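Structural overview
For reference, the chains in residue letters:
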Amino acid sequence: MAELHVTSASNPRLKAVLALRRRRVREDEGLTVVDGYEELTLALDAGVVPRTVLHCPELMLDPAAQGELVQRARDLGASTVRLSRGAFEKVAYREGPDGFLAVVPVAGVALGDLDLPPDPLVLVCEGLEKPGNLGAVLRTADAAGVAAVVAADPVTDWGNPNVVRASKGTVFSVPVASATIEEVVVWLRRNGIRLIATTPDTDTAHTDVDYRGGVAIAVGTEKQGLTDAALTAADARVRIPMVGRVNSLNAATAAAVVVYEAVRQRSS
């Protein structure tokens, strides 16, 4: 089939892509957008099969080399649409687009469908409202080999294009799920996973607990921290030493600090 070439931003295909900026549409259709060459490459490497790939050679840094990604997506069964520069810049999610935008299935499975290895290391993010924080947590999880990231009582969704972008596409390489905090606690207990809660309201340093075996590290919002439900369910509470004027770290930073202490212990 000949590839469609679109020059008008009012094209119905593009309007359908723009509609995915709304959470309700993403949830109804089970689709989201991946904006960027690196992000799309990682998504394909993780096994994602795009529905549609929009591309604009005029915006690519190296059209000859990067254009192979379009063919790769086409070989997987994706439809591809070539856009003019003006049309692509209208539909692109981020400023300064690089010529790649794909419509893909939203990441995530039901909590009970997460496939865990023996003695998993899990991250639980309770109530995180900023997509950038959730995306940064995913990058840490991917780098550290975390088995899964669970959003407890999430404010944002895994399909939020800002989550996809901030994660650099790792939302597709790290198993993710969403549930209520009560459901998460039950799931952890059923799988024999201890819950370690991060909080400033404890004297136990994050380096003073054992992270070996099945462990879940829970982080909350910078403003509110973890809820009483999460703290009460925790097998241990840990704090990151703070010697400055502020009493909390960005949630993604706190997660990275504790996760890498866990990785250090588990690899020694």
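Before reading on, note that the structure itself is shown above.
Since we're looking at a predicted model, the values are computed, not measured.

Criteria and thresholds
Numbers given to residues run from 1 along each chain, matching the order in which its sequence is written. Per-residue local features are limited, in this predicted model, to residues with pLDDT of at least 70; the limit for side-chain atom pairs, both in listing and counting, is 80 or more; totals at the level of whole chains, interfaces and linings are taken over all residues. By convention in this description, side-chain values take in all heavy atoms of the structure and omit both hydrogens and water. Each helix is a run of H or I in the DSSP string that is no shorter than four residues. Each strand is a run of E no shorter than two, and both are numbered from the N terminus. Throughout this description, buried means an accessible area under 20% of the type-specific maximum (1.4 Å probe, protein chains only), exposed means over 50%, and partly exposed covers the range between. Note on definitions: a residue-residue contact is assigned when non-hydrogen atoms from the two residues lie within 4.5 Å. Pairs of N or O atoms are called polar contacts if they sit within 3.5 Å, as long as, within protein, a hydrogen donor faces a hydrogen acceptor (for residues adjacent in sequence, only side-chain-to-side-chain pairs). In this analysis, strands are considered paired if DSSP registers two or more bridges between them. Among the buried residues, those of types Ala, Val, Leu, Ile, Met, Phe, Trp, Tyr and Cys that are joined through side-chain atoms within 4.5 Å form a nonpolar core. To define axes, lines are fitted to C-alpha atoms, for helices over the stretch in contact only, and angles between the resulting N-to-C directions are given on a 0 to 180 degree scale.

1. Topic: the environment of R21
Along the chain, R21 turns up in the loop between α1 (12-19) and α2 (23-29). When its relative accessible area of 37% is taken as the criterion, R21 is described as partly exposed. Each C-alpha atom, one on R21 and one on V70, is 23 Å from the other, the two residues being 49 residues apart in sequence. R21 has contacts with R26, K90, V91, A92 and Y93, leaving out every residue within four places of it along the chain. At 3.4 Å, the side chain of R21 and the backbone oxygen of V91 are in polar contact.

2. What about the environment of I240?
In this fold, I240 is placed in the loop between β11 (236-238) and α10 (251-267). Looking at I240, the relative accessible area reads 16%, which means it is buried. Considering only alpha carbons, one finds I240 and L195, 45 residues apart in sequence, at a separation of 16 Å. Apart from the residues within four sequence positions on either side, I240 is in contact with H206, L249, A254, V257 and V258.

3. Thoughts on the pairing of strand β5 (residues 100-105)
Across the 6 residues of β5, 5 count as buried, placing the element largely inside the fold. In the sheet, strand β2 (residues 31-35) pairs with β5 via 5 bridges, with the strands oriented antiparallel. Residue pairing for β5: L31 is matched across the bridge by P105. As paired elements, strand β3 (residues 52-55) and β5 share 4 bridges and run antiparallel to each other. Note on β5: the bridge partner recorded for L54 is L101.

4. Looking at the nonpolar core
Counting residues in each nonpolar core, the largest one holds 50 residues, and the members touching the most others are L123, V149, W158, F172, Y211 and I217. Element by element, the count of residues in this core is highest for α10, at 7 residues. Those residues in contact with W158 that lie beyond four places of it in its chain are V106, A107, L134, L138, V149, A151, V163, V164, V171, V176, A177 and S178.

5. Remarks on the side chain of E261
Within the fold, E261 resides in helix α10. Overall, E261 belongs to the buried group, its relative accessible area being 8%. Apart from residues lying up to four places away in sequence, E261 is in contact with H206, T207 and Y211.

6. Details of the side chain of H206
For H206, the position within the fold is in the loop between β9 (194-198) and β10 (215-219). Setting aside residues up to four positions removed in sequence, H206 forms contacts with Y211, V238, R239, I240, P241, V257, V258 and E261.

7. Things to note about the sheet that holds β3
Strand order in the open sheet formed by 5 strands is β1-β4-β3-β5-β2, with mixed pairing between adjacent strands. In this open sheet, the two strands that pair with only one neighbour each are β1 (4-6) and β2. Sheet twist, expressed as the average angle between the axes of neighbouring strands with direction ignored, equals 25°. Sitting on the sheet, helix α4 (residues 63-75) touches β3, β4 (79-83) and β5, and the angle it makes with β5 is about 25°.

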